[in-house]
Amino acid sequence: MNVVDTIAGLRAELFGPRRAGRRIGLVPTMGAFHEGHLSLMRRARRDCDVVVVSLFVNPAQFNDSGDLDAYPRDRDRDIGLAAELGIDYLFAPAVEEIYPPGFATTVSVAGMTETLEGAHRGRAHFDAVATVVTKLFNIASPDVAYFGQKDAQQAIVIQRLARDLDMPVAIEVCPTVREADGLAMSSRNAHLSPEDRARAAALHRALAAMQNAISAGERDPDIARAPALAELQAARIDPDYVELVSADTLTPVDRIEGDVLAVIAARVGTTRLIDNELIRIPTHHRGVATRLGASTTA
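Below you will find a few notes about this structure. Since the model is a prediction, treat every value here as computed from it, not as a measurement.

Moving on to the packing of helix α10 (residues 202–215) against helix α11 (residues 221–234). One can describe the packing of α10 onto α11 by two numbers: an axis separation of 8 Å at closest approach and a directional angle of 160 degrees. Considering the angle they form, α10 stands roughly antiparallel to α11. When you trace α10 past α11, the crossing you get is right-handed. Between α10 and α11, the residues in contact are A202, L203, R205, A206, A209, M210, A213 and I214 and A224, R225, P227, A228, E231 and L232, respectively. Across the contact of α10 with α11, the residue classes tally to eleven nonpolar, no polar and three charged.

Turning our attention to the sheet that holds strand β5 (residues 144–148). One open sheet accounts for six strands, arranged β1-β4-β3-β2-β5-β6; its pairing is parallel. Every other strand in the sheet has two partners, leaving β1 (2–4) and β6 (170–174) as the edge strands with one partner each. Averaged over all pairs of adjacent strands, the angle between strand axes in this sheet comes to 25 degrees, irrespective of strand direction. Seen against the sheet, helix α7 (residues 123–140) touches β2 (24–29), β3 (50–55), β4 (89–91), β5 and β6 and runs at an angle of roughly 150 degrees to β2.

So, about α7. With 18 residues, α7 extends 26 Å from end C-alpha to end C-alpha; this agrees with the ideal 26 Å at 1.5 Å per step. The element α7 is largely enclosed, with a buried count of 15 among its 18 residues. The positive-phi residue at the C-terminal boundary of α7 is S141, with phi of around 45 degrees.

This next bit is on the state of the cysteines. As used here, a disulfide is simply a covalent bond connecting the sulfur atoms of two cysteines. In total, this model carries zero disulfides according to the counting rule given. In this model C48 remains outside any disulfide bridge; the closest cysteine sulfur is found in C174, 10 Å from its own. On the basis of relative accessible area, C48 is assigned to the buried category, the value being 6%.

With respect to the secondary-structure elements, P227 resides in helix α11. Measuring from C-alpha to C-alpha, the distance between P227 and E117 comes to 22 Å, with 110 residues separating the pair along the chain. Setting aside anything within four residues of it in sequence, one finds P227 in contact with A209 and A213.

Glancing now at helix α4 (residues 75–84). Of all the residues in α4, the buried ones are D78, L81 and A82. Each buried residue of α4 lies within a common arc of 95 degrees when the element is viewed along its axis, so the set occupies one face. Pointing more than 90 degrees away from the buried face of α4 are the exposed residues D76 and E84. Where α4 is buried, its residues contact α2 (35–47), β3 and β4. A positive backbone phi angle near 75 degrees is found at G86, which sits one or two residues after α4.

As a further point, take the nonpolar core. L10, L14, V52, F91, V133, F137 and I171 are the most contacted members of the largest nonpolar core, which totals 43 residues. The element that contributes the greatest number of residues to this core is α7, accounting for nine residues. If we ignore the near neighbours within four places in the chain, the residues touching V133 are F147, I158 and L161. Within the second largest apolar cluster, 27 residues are counted, among which are M210, A213, A235 and V253.

Glancing now at the sheet that holds strand β9 (residues 271–279). Spatially, the three strands line up as an open sheet ordered β7-β8-β9, and their pairing is antiparallel. Whereas interior strands pair on both sides, the edge strands pair on one side only; in this sheet they are β7 (239–245) and β9. When strand polarity is set aside, the average angle formed by the axes of neighbouring strands in this sheet is 10 degrees. Along the sheet, α11 makes contact with β7 and β8 (260–268), crossing β7 at roughly 150 degrees.

What follows deals with the side chain of D275. You can see D275 is positioned in strand β9. Look at D275 and you get buried, because its relative accessible area is 4%. A polar contact is formed between the side chain of D275 and the side chain of R178, at a distance of 2.7 Å.

Definitions and limits used
Residues numbered from 1 in each chain as written. Predicted model: local features only at pLDDT ≥ 70, side-chain atom pairs only at ≥ 80, totals over all residues. Heavy atoms only, no water. Axes fitted to C-alpha atoms, helices over the stretch in contact; angles between N-to-C directions. Helix = DSSP H or I, 4+ residues; strand = E, 2+ residues; numbered from the N terminus. Parallel < 35°, antiparallel > 145°, perpendicular 65-115°, else oblique. Left-handed = near helix turned anticlockwise from the far one by under 90°. Contact = heavy atoms within 4.5 Å. Nonpolar A, V, L, I, M, F, W, Y, C, P; charged D, E, K, R; others polar. Pairing = 2+ DSSP bridges. Expected span 1.5 Å × (residues − 1). Buried < 20%, exposed > 50% of the residue type's maximum accessible area, 1.4 Å probe, protein only. Disulfide = S-S within 2.5 Å. Arc of directions from axis to C-beta. Core = buried A, V, L, I, M, F, W, Y, C linked by side-chain atoms within 4.5 Å. Polar contact = N/O pair within 3.5 Å; in protein donor to acceptor, adjacent residues only side chain to side chain.

Set out below in structure tokens:
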């Protein structure tokens, strides 16, 4: 595996494979690799001829300098893990390489970055994500890029970014990888105390409670959310939000009539965690066409 720390260096390395028509995959990360990251790398390694993993803790997407300073970093361990998986290139640039003096451009995706995480972290968070991902796409020119479902809002924003700007890259969103008790794997889990780690499993139980309610036929979002809120209350967790939203637009649904995304965010101790679950409604429980072409709910 080659570790590359400059834009010019990565472009030079990828010139030959691209000219030869080899399929290039990109896995953007901020490091501190866990099984979630590794699952994306394995998928990229399976699908692509050449795999690039970026390792860059993007300072622009942190609205709290303390959160940025506390973000876990272990470059040597990350390099070793990526090498074990047969990654071709680890792109690990310095901040000054990505944001040189005089950098003044921001990429912004409107309409789906103001809610949920955008409401709690500020829209500038997603502007920073969209900007750095645009740069990574321009630097590596991948055929396909891989993201995790755990950061569902981020993945949806990036899908819209690529579509709106006609970027020639396929966006693959891969399943969330979970611990045995359901907690979504995250670099931030390392900050949980043993007691808070046990409490954090309530986030997945809350998602499961909403899924169970909907699977049992509940179509009122407020009623479907009630058992999720009870799970969190029992674990002494006060959520930032627990919502059922459209998987396409991230807007709250007034009635559950098709597939919905259950999303949750909460601070457990001093650590803020997010999670989500796509809840699919069986076809026979959705609207069914009548002879006149109208729709009725089964």
